[in-house]
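Structure assessment
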Amino acid sequence: MTQPSDKALVPFVSVDNMMRLVHHIGVEQIITQIAAQIESDFKRWESFDKTPRIPAHSPHGVIELMPTSDGEAYGFKYVNGHPKNTSEGLQTVTAFGLLADVYTGYPTLLTEMTLLTALRTAATSALVGSYLAPKAAKTMAMIGNGAQSEFQCLAFRAMCDIDTVRLYDTDPNATRKCAANLKNSGLTVVQCTTAEDAIEGAHIITTCTADKKNATILTDNMIGPGIHINAIGGDCPGKTELHKDILLRSDIFVEYPEQTRIEGEIQALPADHTVTEIWQVMTGQAKGRQDDRQVTLFDSVGFAIEDFSALRYIKSAIEGTDFYEPLDMLTDPDDPRDLYGMLMRAG
Ligand code: NAD
């Protein structure tokens, strides 16, 4: 049997190796480093091919493909969203992703992306928070204490300097789990029994709930002046978290309007409602927070460039390490046209 040459071996980062890598670098450090990569890619927004992600909806959930390219590298993520999964002992969101070289079309990285999605979503949230949240913000309400929640709390601690999180979930077990996981994080953790209790004294509110319906996690009377809302959970047609009146009172910031108008909170608003693209705030072309009383809303749905940034980050982070396995997933015949001969010789 012939051995594949090095150029036909694709680095593969398993869940196990991703966990080793995160422990090696540190959770807050890796989130901060991924955020830096996302910020630098968002600042060259116009160099990317962009398209709303491609969803396959079913009564059970959604499966999505998220592709993008900057002309040199191409990346995509496969991701699902199945809120009913947790009741069956499975995760709501799982993902894997691939990076490829545009010149040859050959894959250059295959990796798990369930952990990486949690890291990049947290990185994006806190990066956007660093532009929009009030500078004096020290307390964040974290509503929805599932798989993403600890990553979100740690990202805001590392990048927005919050020192207190107030947790609420309809399932008290989820809140207990989140509080226990954050025990030695340096954050003051307060477990709350209602959403109203959770937002008490908070300048940042993160909503990260999963239910495939138009839910009302926050109502207008709960939102005082100066709040920054980081709304993550509403990311599908028919799946939102905020009462429409909050949207009408907020300055709304989005990743890619063409996708957010389909999937985000703003699906409840007319298609011409003004929103600001967050990359333009990062480049200085648009204004972020302008005063202490403004209500800012990051209507996050998750965009392909964030995954592309995370993939490129991982590709460079594993170079020269053993945090990956070489995967034999590309054919490599001696004569590129003799695919059949290669198959027969293997017999
Ligand atoms: P999860 O299922 O692990 O956790 C969701 C939690 O929300 C559960 O603990 C559930 O009990 C709680 N919940 C449901 N309804 C609630 C309510 N009305 N009030 C308070 N809590 C409630 O899911 P997850 O992986 O943490 O993801 C959460 C959501 O974020 C999902 O909808 C997912 O699609 C979305 N998401 C968005 C992005 C993004 O980039 N914007 C990225 C990842 C996940």
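You'll find the structure just up there.
Residues numbered from 1 in each chain as written. Predicted model: local features only at pLDDT ≥ 70, side-chain atom pairs only at ≥ 80, totals over all residues. Heavy atoms only, no water.

What follows covers the pattern of salt bridges. Pairs may arise between side chains of opposite charge once their charged atoms sit close together. According to the stated counting rule, one finds 20 salt bridges in the structure shown. The partner of Asp322 in a salt bridge is Arg20, and the shortest N-O contact between them spans 3.0 Å. Of this pair, Asp322 sits in the loop between α10 (304-318) and β17 (325-328) while Arg20 sits in helix α1 (residues 15-25), placing them 302 residues apart in sequence. The exposure class of Arg20 is partly exposed, given its relative accessible area of 33%. Through salt bridges with shared partners, a single ionic network connects Asp41, Arg44, Asp70 and Arg312. (Salt bridge = Lys/Arg side-chain N within 4 Å of Asp/Glu carboxyl O. Helix = DSSP H or I, 4+ residues; strand = E, 2+ residues; numbered from the N terminus. Buried < 20%, exposed > 50% of the residue type's maximum accessible area, 1.4 Å probe, protein only.)

If a probe the size of a water molecule is rolled over the atoms, the empty space left behind becomes visible. According to the stated counting rule, one finds one cavity of 30 Å³ or more in the structure shown. Of the voids in this model, the largest cavity is the one considered here, and its volume is about 40 Å³. Lining the largest cavity are Thr209, Asp211, Lys213, Ala215, Gly233, Gly234, Lys239, Thr240 and Glu241. For the lining of the largest cavity, the residue count by class is one nonpolar, four polar and four charged. (1 Å grid on protein atoms, 1.4 Å probe; cavity = no way out; pocket = protein on both sides within 12 Å on 5 of 7 lines; lining within 4 Å. Points joined across faces, edges and corners; volume = space filled by probe spheres on them. Nonpolar A, V, L, I, M, F, W, Y, C, P; charged D, E, K, R; others polar.)

Before going further, it helps to examine α1. Those residues of α1 that sit buried are Asn17, Met18, Leu21 and Val22. For α1, the angular spread of the buried residues around the axis is 140°, confining them to a single face. Among the exposed residues of α1, those pointing more than 90 degrees away from its buried face are His23 and His24. At its buried positions, α1 is contacted by β1 (9-13), α2 (27-42), β6 (107-112), α3 (114-132), α10 and β17. (Arc of directions from axis to C-beta. Contact = heavy atoms within 4.5 Å.)

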